[in-house]
Every structure is written in structure tokens, then in C-alpha cells.
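Understanding the architecture of this molecule
Residues per chain, in single letters:
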Amino acid sequence: MLDQLLAPKYVGWLIDGFYVTLAVSALASAAATVLGLLLCLARLAPTRWLAWPALAWLSLFRNTPLLVQLFFWYFGLAALMPQGLLEWLNTPHHWHLAFFGVRWPPFEYVAGFTGLTLFTAAFIAEEFRAGVRGVPPGQAVAARALGLRPWQVWRYVVIPQAFRIALPPLLGQYMNAVKNSSLTMAIGLAELSYASRQVETETFKTFQAFGIATLLYIGTVAVIELAGQWVQRRRPALGAVR
Amino acid sequence: MDFSVIADNLSYFLLGAWPHGPLGGAALTLVLSISSALASGALGLVLGVALATTHGPAHQGLVLALGFFRAIPVLMLIFWTYFLLPIVFGFNVPGTGTVVVALSLIGGSYLAHSVYAGIASLPPGQWQAAAALGLRRADALRHVILPQALPIMLPSFLNQWIALIKDSSLAYVIGVGELSFVATQVSNREMVYPTEIFLFVALLYFIICSSLELGAGAIARRYGSAEKQT
Amino acid sequence: MIRIENVSKWYGQARVLAGCSTRIAEGEVVVVCGPSGSGKSTLIKTINGLEPFDEGTIVVNGVSVGAPGTDLPRLRARVGMVFQSFELFPHLTVRENLALAQVVVLGRSRDEAHARGREYLARVGLAGFADRLPAQLSGGQQQRVAIARALCMDPVCMLFDEPTSALDPEMVGEVLDVMVELAGEGMTMVCVTHEMGFARKVADRVIFMDQGAILDDCPSEEFFGNRAGRPERAQQFLARVLSH
Ligand SMILES: Nc1ncnc2c1ncn2[C@@H]1O[C@H](COP(=O)(O)OP(=O)(O)O)[C@@H](O)[C@H]1O
Ligand SMILES: [Mg+2]
């Protein structure tokens with residue numbers, strides 16, 4: 001029975017991988033939310049000089065596989081960069097800011113974060129757009145009637161409401177980011193899926209290795225789901241205004 | 001940028017080693033996508049109807065099982081099927097089959113919910129009217145409910161299939177020679193043109209996926225305007 | 001206070017405003033009525049520039065609305081508007097609904113804005129409701145908050161676009177009471193409404209519109225007292241509205 005268990009060392013690998021998964025997906029989700037909002041605003045801009053490039057950008061990133069995008073950032077971008085910059089990116093760097101030591105991460109982290117962020121942002125932008133469309137047009141008219149300037153109408157009236165409408169699908173995108181972060185193993189990022197495969201090859205305990213990884217993924221997704229339900233329940237619904 | 005690497009390997013990108021070897025490249029991506037689209041569609045329809053017609057523990061169990069497939073990364077499911085299918089069937093399952101099973105399970109789980117939502121969106125009066133005419137539940141489903149619900153679901157089917165095409169690239173991890181696998185092969189062999197190669201491969205995926213997306217949009221608009229008229 | 005001269009507007013081929021002209025003096029209460037689709041909403045929204053127009057001039061409080069350089073947000077901050085569907089901001093409490101534009105448009109401090117909000121909330125009879133969300137109020141209460149929200153901006157005039165049309169009948173009175181009181185205090189008001197009782201009691205003048213044109217524009221005693229002297233379309237309209 002005991003020899004069915006994974007040695008602590010291998011459990012440690014999985015835990016380390018899990019931390020990387022959490023870190024990469026959390027950072028990418030945060031960055032993608034900001035970028036997604038900007039892309040959504042550009043997409044809805046009255047000038048086509050903003051709206052059309054945004055449309056093309058969104059459609060490009062949504063309609064190509066994340067795996068190919070990651071390969072592009074990891075191999076393709078590296079080939080485009082001047083040799084010196086690539087070497088700098090690939091060597092470890094340390095800075096000391098006050099009490100924190102800041103370390104420049106290896107290139108696969110940068111490429112993985114970039115790829116996951118840009119991919120996720122394209123989907124988040126569409127969720128925001130649906131949220132904006134869900135705000136009744138009369139709201140913006142009423143805000144303008146009070147003398148709010150166009151950016152204030154967005155800032156104080158449209159975006160806060162769009163955010164609330166978009167929250168459930170937004171959380172769905174954060175779950176996707178967690179799941180999609182598994183693809184970064186293809187460019188050598190030592191996240192959870194990578195670790196589970198490594199443990200599997202070392203120990204041949206396939207069930208245990210994949211099982212623990214699967215449970216960790218399900219647990220993370222479940223936590224996001226519960227957090228969403230908690231937020232939804234805690235704040236009163238906007239409800240029908242009439 | 002030097003795109004001659006694309007021209008030199010064009011047949012390999014599109015067809016793999018075929019006709020001298022196994023089919024691969026973009027053609028295999030299409031084969032993977034179409035088979036898992038069909039299988040996930042059938043699975044989604046059956047499971048969605050099951051969701052709509054079950055109650056109590058059976059329903060809860062189904063929701064939980066579908067939730068499991070939607071909560072794990074496609075990659076992990078490919079690992080699992082790669083590992084478990086030979087145990088279940090007792091013989092070696094080819095990588096292509098493994099991927100199709102994994103993609104169908106995931107796609108089917110998402111589609112089951114769309115089908116369920118589509119059925120639930122119909123007014124309950126439709127079931128009652130069919131019952132009042134003496135139709136059994138199965139007949140009511142087949143002749144009254146599904147014909148109305150399917151057009152509502154069509155856009156989500158197409159969107160799910162777009163996701164399947166993109167997810168088929170994950171076949172790469174178990175060495176199935178589809179488009180993204182072929183791309184890394186060529187990239188590793190040539191060493192010098194990864195930018196051109198991955199741009200080209202992205203373009204191929206983009207063409208396939210965005211034409212489906214345009215189709216989904218057109219259907220949604222057509223259906224939406226039909227709804228307004230009534 | 002408000003001068004409208006020869007204002008026309010087209011949607012493509014369709015003319016929705018046809019050479020409308022009128023003047024509204026300070027302290028005057030004017031009711032605009034007419035059949036549905038006659039252009040009442042469009043006209044009233046040109047006054048604060050929410051609807052652009054193609055021809056003519058509108059001058060509000062000395063500011064030309066259609067002139068290219070006009071700072072419309074600044075003008076709108078001084079012209080209150082109340083909508084048929086209330087349009088309270090559902091993500092903000094009543095207090096925040098009242099304070100938002102005071103703070104971000106007029107630059108008042110939060111304390112000042114809240115004090116002003118409390119004052120007007122009491123005036124519309126909703127003193128205890130500051131912390132509610134709009135969805136927790138009845139339609140009549142929401143519309144009274146909307147009026148208070150506009151008053152907090154110290155408007156020089158108020159525009160009402162069918163403020164009672166979306167209300168259940170038993171709530172119409174509470175909103176009209178607030179409007180009557182406001183008129184009594186000398187507020188300049190332009191009200192699109194079918195409440196002829198209100199028009200007869202409070203309005204100084206009645207404007208009748210049909211197919212984008214102002215067909216009748218006269219003191220309310222004249223409008224209600226001399227039915228035979230009205231244009232034919234106005235007579236038909238009055239007969240329909242007053243028959244219930
Ligand atoms: N955005 C629009 N595009 C085209 N026609 C419009 C638009 N908005 C209003 N109209 C038309 O303008 C006319 C006047 O509308 P409105 O001012 O809302 O009338 P009222 O408020 O008197 O009912 C109507 O015939 C309406 O169909
Ligand atoms: Mg109107």
C-alpha cells in the first residue's frame with residue numbers, strides 16, 4: 001500500500017508546479033483584464049482607425065490556437081530579437097528594490113505569460129463588449145444629460161455596469177486561463193502539467209501523478225466558481241430598474 | 001523574413017508525409033476536428049437531452065460528471081485518455097483516436113449544457129401541447145422540442161467546434177503529426193525560420209477558424225432577425 | 001430663457017422636426033403634447049443638445065446649442081432632465097446617484113454633494129431612502145429621486161419627457177405633486193406629458209405637435225377654454241385624451 005504513494009520529493013515537484021500554474025494564470029488574468037478592457041474600448045471607439053485594428057487583433061488572437069501563439073512568442077519572437085537582447089533575457093538578473101530582491105524570470109516565463117495574457121485578453125475583451133451592450137442606452141443619455149463628459153459617462157456609468165454584467169463570464173475566462181496555462185509546458189515552463197508528466201516518467205505512478213494534478217486543477221476552478229457565487233450573493237442584484 | 005521555407009515544405013505542412021506516408025499536417029488537423037466535431041455533437045445532444053429529462057440524483061450525477069470534464073485542462077484529459085484507453089480496451093489505441101476521444105468528451109460536456117439550455121428556453125406550454133395531442137415524451141422531443149431548440153443552439157455548436165479545432169493542436173503533446181506538430185518538426189529541422197513558420201501555421205488555423213466564426217455570426221444574425229419578426 | 005427658431009431635423013428622408021419655433025420665458029411652465037411619434041421627445045432633447053438638429057437655432061440661457069464651439073456638457077449641467085424610464089444608475093445607491101454629477105461635473109466636495117442630496121431627497125419626500133439601491137424603490141419613488149438628482153445640479157430650467165407614462169396609475173400623483181410644487185417655486189419647466197389635468201392646473205402655455213411641427217402654441221386657458229379655436233388635429237387629440 002505504502003509503495004503506491006508518491007515520495008515526498010515528487011509531491012514537492014507537483015506542489016512547485018502548482019505554484020507556477022497559480023502564479024502564471026493569476027498574473028496573466030490580471031494583465032489580460034486590463035488589456036481586454038482597453039481592447040474592448042478600442043473596438044467600440046467611434047473612429048474606425050481604432051475600431052478596425054482592434055477587430056482584426058481580436059479576431060487574430062481568438063482564431064488561432066494558444067499553442068501556436070506560445071510557439072510564436074517563444075521561438076519566433078526570439079528569432080526576431082537582436083542577439084544581445086535575447087542573451088540578456090536568457091541570463092538571470094537580480095535587482096534589489098528596498099527590501100525585495102527582484103529576479104528577472106527565464107525566457108519561457110516571459111513568453112508563457114505574454115502568450116497567455118494576449119490570448120486571454122482577446123476573450124475578455126469580447127465579454128466586456130457583451131457587458132457594455134447589456135447596459136441600456138438610456139443610461140448613457142441620462143449621464144450626458146447631467147453634464148458628464150464622454151469619458152466620464154464611460155468611467156462612472158457604463159463601465160461599472162458592464163463590469164457587473166460581465167463578471168460571471170469573466171470568472172469563466174479566469175478558469176480558462178488556469179486550464180490554458182497547462183499549454184505553457186510545451187515551451188518548457190515547469191508548471192503543474194509539466195511536473196505531473198515529469199513525475200510520471202520518473203516514477204511510472206501514472207494514476208498518482210495525473211490524479212494529484214487533476215485534483216489541483218479541479219480545486220482551483222472550484223475555488224474560482226465559489227468565489228464568484230459568493231460575490232454574486234453578497235451584492236444586491238441590479239435588478240429590473242423599472 | 002524569408003518565406004521560401006514555407007514554399008519548400010508546403011506539401012508537408014498541408015498533408016504531412018502523404019501519399020508516401022501517413023496523412024498529417026493541416027489535413028490531419030481537419031480530420032481530427034471533423035471527427036471530434038461529429039462525435040462531440042452527438043454526445044452533446046444525447047447528454048443534453050439526458051440533462052433535460054432526468055431529475056434528482058441522476059441529474060445531479062450527470063451535472064457533476066460534466067462539470068469534471070469542463071474543469072480539467074484539455075491537456076490533462078489527453079494525458080488521461082492516452083494512459084487509460086489502452087487499459088480499458090486492452091490494445092494500443094492510435095494517437096489520433098486518443099485525441100478524438102479526449103476532444104469529444106470535452107466538447108460534448110460543453111455542448112450538453114448548450115443543448116440543455118436550448119431545451120429549457122422553450123416555453124413549457126410546448127411540452128404540454130404535445131402531450132395534449134397524445135405524443136409520448138420521446139416523440140414530443142423529436143418532433144416538437146428539438147426542431148425548435150436546435151436553431152437556438154447552432155451558434156454555440158459552431159463556437160464549440162472552433163474551440164475544438166484550436167484544441168486539436170494539443171495532439172502535439174502525444175506526437176500526433178497534425179499541423180502544429182508538423183510546424184515544430186520543420187522548425188526544429190530548419191532551425192532558422194521559426195517566425196515565418198509559426199506565422200504561416202497561425203494563418204492556416206486563422207483561415208479555418210474565422211470562416212467558421214463568420215458562419216456562426218451569419219446564422220446568429222439570421223436567427224435573431226427571424227425571432228424579431230414573430 | 002429658451003429660444004427655439006425654425007428648428008428642423010431629418011432621419012434620412014424622414015423629417016421628424018419641421019421648422020419648430022417657440023420661446024420660453026424664465027419661470028414659465030410649458031406643456032408639450034401631441035400624438036405618439038409626433039417629435040415631442042426629439043424636440044425636448046434638442047434643447048440640451050442630446051439630439052443634434054440640422055437647421056435652425058436654439059439658444060438656452062444665452063448659449064447657442066447648435067454652434068460648433070459650444071461646450072455641451074457644461075450647458076447640460078445647468079439644464080435638468082427627467083426621463084420616462086427614470087434612468088437612475090442601478091449600480092449606485094440613491095445617495096450616490098444624487099452625488100455623482102455634483103462631484104464629477106460641478107467639482108463639489110462629497111460632503112457638500114451629500115448635504116445637497118439630503119436636502120432635495122427630503123423635498124421629494126424620500127428622506128429615509130438614501131442608502132437604497134434604485135431596484136429597491138417603486139417606480140414613483142425612482143422618478144422622484146430622478147427629479148431630485150436633476151435639482152441637485154441647481155438647474156436654470158427643467159425638461160421632463162413623459163415623466164409619468166411608465167408609472168402605475170396610483171403612483172402618477174406623487175410625481176405630479178413634486179412637479180406642481182416645483183412650478184410653484186418659479187422653476188422654468190418644459191414638460192412633455194399627456195396629463196391634461198396637470199397642464200390645465202399648472203401650465204402657463206400648451207404646445208401641440210403633430211408630424212414634427214408645432215401646430216398650436218397658446219396660453220393654457222385658451223387651449224382648454226376655447227376648444228373650437230384649436231386646429232383640427234389638436235381638437236381630435238384633445239377629444240381622445242380627455243374622453244378617459
Ligand atoms: N433613431 C431614429 N431613427 C429614425 N427615426 C427615428 C429615430 N428616433 C426617432 N425617430 C422617429 O422620429 C419621430 C419622432 O419621434 P419622438 O420624438 O420619439 O416622438 P414622440 O416623443 O412624440 O413620441 C418618430 O416618427 C420616430 O419614428
Ligand atoms: Mg417620446
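Residues numbered from 1 in each chain as written. Chains lettered and ligands numbered in written order. Predicted model: local features only at pLDDT ≥ 70, side-chain atom pairs only at ≥ 80, totals over all residues. Heavy atoms only, no water.

An unreviewed UniProt entry lists chain C under the name Amino acid ABC transporter ATP-binding protein, with Pseudothauera rhizosphaerae given as the organism. Taken directly from UniProt, the Sequence similarities (unreviewed entry) text for chain C runs: "Belongs to the ABC transporter superfamily." As stated in UniProt under Subcellular location (unreviewed entry), the record for chain C gives "Cell membrane". (UniProt positions renumbered as here; feature names shortened; annotations may be inferred.)

If you check an unreviewed UniProt entry, chain B appears there as Amino acid ABC transporter permease from Pseudothauera rhizosphaerae. In the Sequence similarities (unreviewed entry) part of its UniProt record, chain B is described as follows: "Belongs to the binding-protein-dependent transport system permease family. HisMQ subfamily."

Here we come to the overall build of chain B. Within chain B one finds 10 helices and zero strands. Starting at the N terminus, the α and β elements of chain B follow one another as α-α-α-α-α-α-α-α-α-α. Scored against the burial criterion, the 230 residues of chain B give a buried share of 45%. Residue pairs in contact within chain B that sit at least 24 positions apart in sequence constitute 72% of those at least 6 positions apart. For chain B, the distance from the average position of its 9 positive side-chain charges to the average position of its 9 negative side-chain charges is 21 Å. (Helix = DSSP H or I, 4+ residues; strand = E, 2+ residues; numbered from the N terminus. Buried < 20%, exposed > 50% of the residue type's maximum accessible area, 1.4 Å probe, protein only. Contact = heavy atoms within 4.5 Å. Lys, Arg positive; Asp, Glu negative; His and termini not counted. Charge placed at Lys NZ, Arg CZ, Asp CG, Glu CD.)

When helices and strands are tallied, chain C shows nine helices and 10 strands. In terms of C-alpha radius of gyration, chain C reaches 18 Å, essentially the compact-globule figure of 18 Å for 244 residues. Expressed along its principal axes, the backbone C-alpha trace of chain C runs to roughly 55 × 45 × 30 Å. Counting only residues that meet the buried cut, chain C has 59% of its 244 residues in that class. Considering only contacts in chain C between residues 6 or more positions apart, those separated by 24 or more positions represent 66%. Per element, the accessible surface of chain C, about 9900 Å² overall, is 45% carbon and sulfur. (Rg over C-alpha atoms; globule rule 2.2 N^0.38 Å. Areas by Shrake-Rupley, 256 points an atom, 1.4 Å probe, with all protein chains shown as cover.)

Now for the sheet that holds strand 3 (residues 29–33) of chain C. Residue and element names in this part refer to chain C. If you trace the six strands from one edge of the open sheet to the other, you get 6-7-8-3-9-10, paired in mixed fashion. Of all the strands in the sheet, the pair left with one neighbour each is strand 6 (79–82) and strand 10 (213–219). Each adjacent strand pair in this sheet contributes to an overall mean axis angle of 15°, direction not counted. With four bridges connecting them, strand 3 and strand 8 (residues 188–192) associate as parallel partners. (Pairing = 2+ DSSP bridges. Axes fitted to C-alpha atoms, helices over the stretch in contact; angles between N-to-C directions.)

With that settled, the discussion passes to the sheet that holds strand 1 (residues 2–11) of chain C. All names here are of chain C. Read from one edge of the open sheet, four strands run 2-1-4-5, paired in antiparallel fashion. Edge strands, defined here as strands with exactly one partner in the open sheet, are strand 2 (14–24) and strand 5 (63–64). The pairing of strand 1 with strand 2 spans seven bridges and is classified as antiparallel. Within strand 2, the position partnered with Y11 by the bridge is A14. Lying over the sheet, helix 1 (residues 40–47) contacts strand 1, strand 2 and strand 4 (55–60), oriented at roughly 55° with respect to strand 2.

Backbone torsion omega between W18 of chain B and P19 of chain B reads 5°, so that peptide bond is classified as cis. Within the secondary structure, P19 of chain B is located in the loop between helix 2 (10–15) and helix 3 (25–53). Even without glycine at this site, N61 of chain C takes up a positive phi of about 55°. If you trace the backbone, N61 of chain C turns up in the loop between strand 4 and strand 5.

Here we come to the site of ligand 1. All names here are of chain C. Taken together, the residues surrounding ligand 1 are Y11, V16, P35, S36, G37, S38, G39, K40, S41 and T42. Between G37 and ligand 1, the recorded distance is 2.7 Å, taken from a backbone N or O atom to an oxygen atom. Measuring from an oxygen atom of ligand 1, one finds a side-chain N or O atom of T42 at 2.4 Å. In isolation ligand 1 exposes 560 Å². Once the protein is present, 56% of that is buried. (Near = heavy atom within 4 Å. Polar contact = N/O pair within 3.5 Å; in protein donor to acceptor, adjacent residues only side chain to side chain.)

A few words now on the arrangement of the chains. The top pair by number of contacts, from a total of two pairs of chains in contact, is chains A and B. A gap remains between chain B and chain C, which never touch, and the nearest two C-alpha atoms on either side lie 21 Å apart.

Moving on, we get to helix 5 (residues 107–133) of chain A. Each α-helix winds once per 3.6 residues, and so residues spaced three or four apart point in a common direction. With 27 residues, helix 5 of chain A should cover 39 Å at 1.5 Å per step; its first-to-last C-alpha distance of 39 Å lies within 8% of that length. Most of helix 5 of chain A is tucked away: 19 of the 27 residues are buried. (Expected span 1.5 Å × (residues − 1).)

The subject of this paragraph is the UniProt feature "domain: ABC transporter" (unreviewed entry) in chain C. Within the UniProt annotation, "domain: ABC transporter" (unreviewed entry) is assigned to residues 2–236 of chain C. The span residues 2–236 of chain C carries 36% helix and 26% strand; its end-to-end C-alpha distance comes to 29 Å.

The subject of this paragraph is the pairing of strand 7 (residues 157–161) of chain C. Residues and elements named next belong to chain C. Counting buried residues along strand 7, five of its five residues qualify, which places the element largely inside the surrounding structure. With four bridges joining them, strand 6 and strand 7 adopt parallel strand pairing. The partner of G80 across the bridge, within strand 7, is M158. With helix 6 (residues 169–184) bridging strand 7 and its parallel neighbour strand 8, the resulting β-α-β unit is right-handed. (Right-handed = clockwise from strand over helix to strand, strands pointing away.)

Here we come to the interface of chain C and chain A. With 26 residues of chain C in contact, the opposing surface of chain A contributes 24 residues. Inspection of the chain C/chain A interface yields one salt bridge. Residues R149 of chain A and D71 of chain C are paired through a salt bridge, measuring 2.9 Å at the closest nitrogen-oxygen approach. Linking chain C with chain A are five residue pairs in polar contact (both at pLDDT 80 or more). Only helix 2 (72–76), strand 6, helix 3 (94–104) and helix 5 (139–151) of chain C provide two or more residues apiece to the side of chain C that touches chain A. (Salt bridge = Lys/Arg side-chain N within 4 Å of Asp/Glu carboxyl O.)

For the rest of this paragraph, the subject is the UniProt feature "domain: ABC transmembrane type-1" (unreviewed entry) in chain B. Mapped onto this structure's residue numbering, the UniProt feature "domain: ABC transmembrane type-1" (unreviewed entry) falls at residues 26–216 of chain B. Helix makes up 84% of residues 26–216 of chain B and strand 0%, with an end-to-end C-alpha separation of 22 Å.

Under the definition given, this model contains 23 aromatic pairs over all chains. Here the aromatic residues F71, Y74, F75 and F107 of chain A together with Y172, F181 and F198 of chain B are joined through ring pairs into a cluster of three or more. Above the plane of the ring of F123 of chain A lies R62 of chain A, whose end atom (NZ or CZ) is 4.8 Å from the centre. Over the ring of Y12 of chain B we find R189 of chain B; its NZ or CZ atom is 5.7 Å from the centre of that ring. (Phe/Tyr/Trp six-rings, centres within 6.5 Å; stacked < 30°, edge-to-face > 60°. Lys NZ or Arg CZ within 6 Å of the ring centre and 35° of its normal.)

Okay, the nonpolar core next. L148 of chain A together with F13 of chain B are the most contacted members of the largest nonpolar core, which totals 143 residues. If we skip the residues at most four places from it in the chain, L148 of chain A touches A143, V153, Y156 and V157 of chain A together with P73, L100, A101, V104 and V105 of chain C. Counting 49 residues, the second largest nonpolar core, distinct from the first, contains V94, V178, V202 and A234 of chain C. (Core = buried A, V, L, I, M, F, W, Y, C linked by side-chain atoms within 4.5 Å.)

Here the focus is the pattern of salt bridges. Residue and element names in this part refer to chain C. Under the counting rule described, the total for this entry stands at 16 salt bridges over all chains. K9 is paired through a salt bridge with E51; the nearest N and O atoms lie 3.4 Å apart. Of this pair, K9 sits in strand 1 while E51 is found in the loop between helix 1 and strand 4, placing the two residues 42 residues apart along the sequence. Neither K9 nor E51 differs from the other in exposure class; each is buried. Connected via shared salt-bridge partners are R3, E5 and R23.

We now examine the confidence of the model for chain B. Caution applies to low-pLDDT parts of the model: their predicted coordinates are not meant to be read in detail. Looking at chain B as a whole, the pLDDT averages 89, with 97% of positions reaching at least 70. Overall, residues 226–230 of chain B carries pLDDT values under 50, and its contacts beyond four positions in sequence, including any with other chains, amount to zero contacts. (pLDDT = per-residue confidence, 0-100.)

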